Amino acid sequence: MELIRRAALSGIVVGVVGVIVLFLANPFGGTPAPSMDGSFTPVAPTLTPAAGLATDHGLGAIDAPVVLTVWTDYQCPICGTWGNGVEPALYERYVTEGKLRIEHRHYSFLGEESFAAAVGAECAADQDKFWAFHSHLFANQAGENEGAFSAERLRKIAGAAGLDLVAWDTCIADPAVRTEVDADAEEAKSLGITGTPTLVLGEWQQSGIPSAEDLYARIDEALGN
Amino acid sequence: MSRSHRISALASSVGVAVSVYLLSIRLIGVPAICGPALGPFGGCSKVEASAWSSIGPIPVAAIGVVGSALLLVATILHARTRREDVLAVWLFAALAGAAIEIGLIAIQAFLISAWCVWCLLYGSTVLVGAATVISVVRSYARETRDLTRPPR
């Protein structure tokens, strides 16, 4: 039984040390908390669409033969990968060719900052600058509900996206805009969407980011190639 | 195989499956099947995006795969051999895993403020596994005491 006693003691000690390592790993391994000292300067997005290609909530020609609908939450890190990496790739490959339109929908479920960001995006849409604000949001993601999309920072992002801040301030205070964002989330639920990003292309719906080959193949198939 | 061994083997198998799933979606870069439809347990994206989902470059899910696989192997080996050294390894892994799992549950509750259904399912397999090995150790202790006690 001595061996068993030693094993029990060692197991508990190793477990407790493991928990301590986990706690200590946080400050070194985590996403850095956004600066709250007022010195925040929004990072520019990787994609700046050509004139006329970013309209309403979409990117691409209105009459593009294929429409890809993407449901995202602005704080979701994989949505950030989508917005900062995949969307620019699709833009270069299909959107500039007039073959694809990417439509954005909100599914803001990660907290109040997601919701506030989506409300801000709706108000940017009122000024025909949805995509500029949308891509600035993804470029400036930093953690979840840690202040990256605080009111002050969203306003700076709005400024960087070229919005009329007086009109934007008035708009984000309008309860009707919040209702619109809520309605998007309700529609997502009704469609059975449980996570973000969720892509919808015709009958095909997928949660997460597929491989580039798979996504291109599906778009090409929808294009009849 | 005793009832405790069967329960532990089942719990460890589920633990391996859940941790392999969590590790693979992390490596592929897709979100877990989770989300607000699961109510308070749908915070998988938030938990996965937190700093506590990895220790340096090692995802916590990878540690879970190794831990549950070790528990499964130890359970099966002990069921077949009843060796004390195997029981010691099983107990060591189960108690270390249970302590870490309690820490992870506390992190979800107090630091991340979100619950992930997959993490909780995995945690329950580890805690069930720990409870069963303790039960086996108690039986072993009783048997050992009975054998060493002088006959009346």
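Residues numbered from 1 in each chain as written. Chains lettered and ligands numbered in written order. Predicted model: local features only at pLDDT ≥ 70, side-chain atom pairs only at ≥ 80, totals over all residues.

A. Main features of the overall build of chain B. What chain B contains, in helices and strands, is five helices and two strands. Sequence-ordered secondary structure for chain B, helices as α and strands as β, is α-α-β-β-α-α-α. In chain B, which comprises 152 residues, the share counted as buried stands at 47%. Residue pairs in contact within chain B that sit at least 24 positions apart in sequence constitute 74% of those at least 6 positions apart. (Helix = DSSP H or I, 4+ residues; strand = E, 2+ residues; numbered from the N terminus. Buried ≥ 20, exposed ≤ 12 C-beta atoms within 10 Å, placed from the backbone. Contact = placed C-beta atoms within 7 Å.)

B. Expanded view of the interface of chain B and chain A. Opposite the 36 residues of chain B that make contact, chain A presents 34 residues. Taken together, the residues that form the side of chain B that touches chain A break down as 25 nonpolar, eight polar and three charged. (Nonpolar A, V, L, I, M, F, W, Y, C, P; charged D, E, K, R; others polar.)

C. How the structure looks around the sheet that holds strand β1 (residues 54-55) of chain A. Read from one edge to the other, the open sheet built from six strands follows the order β1-β2-β4-β3-β5-β6 (chain A), with strand pairing classed as mixed. Either end of the sheet is taken by a strand with one partner, and the two such strands are β1 and β6 (204-207) of chain A. (Pairing = 2+ DSSP bridges.)

D. Focus on the packing of helix α3 (residues 112-126) of chain A against helix α5 (residues 151-160) of chain A. All names here are of chain A. Axis separation between α3 and α5 bottoms out at 11 Å; the angle between their running directions is 30°. Comparing their axes, α5 and α3 come out roughly parallel. α3 and α5 meet at a crossing whose hand is right-handed. Contacts from Ala-116, Ala-117, Gly-120 and Ala-124 in α3 reach Ala-151, Leu-154 and Ala-158 in α5. Here the residues of the contact of α3 with α5 sort into six nonpolar, one polar and no charged. (Axes fitted to C-alpha atoms, helices over the stretch in contact; angles between N-to-C directions. Parallel < 35°, antiparallel > 145°, perpendicular 65-115°, else oblique. Left-handed = near helix turned anticlockwise from the far one by under 90°.)

E. How the structure looks around the nonpolar core. Residue and element names in this part refer to chain A. Ranked by size, the top nonpolar core spans 51 residues in total, and within it Ala-117, Ala-121, Ala-124, Phe-133 and Ala-158 carry the most contacts. When residues in this core are grouped by element, the largest group, nine residues, is from α3. Among residues more than four places away in sequence, those in contact with Ala-117 are Tyr-74, Leu-137, Phe-149 and Leu-154. (Core = buried A, V, L, I, M, F, W, Y, C linked by C-beta atoms within 7 Å.)

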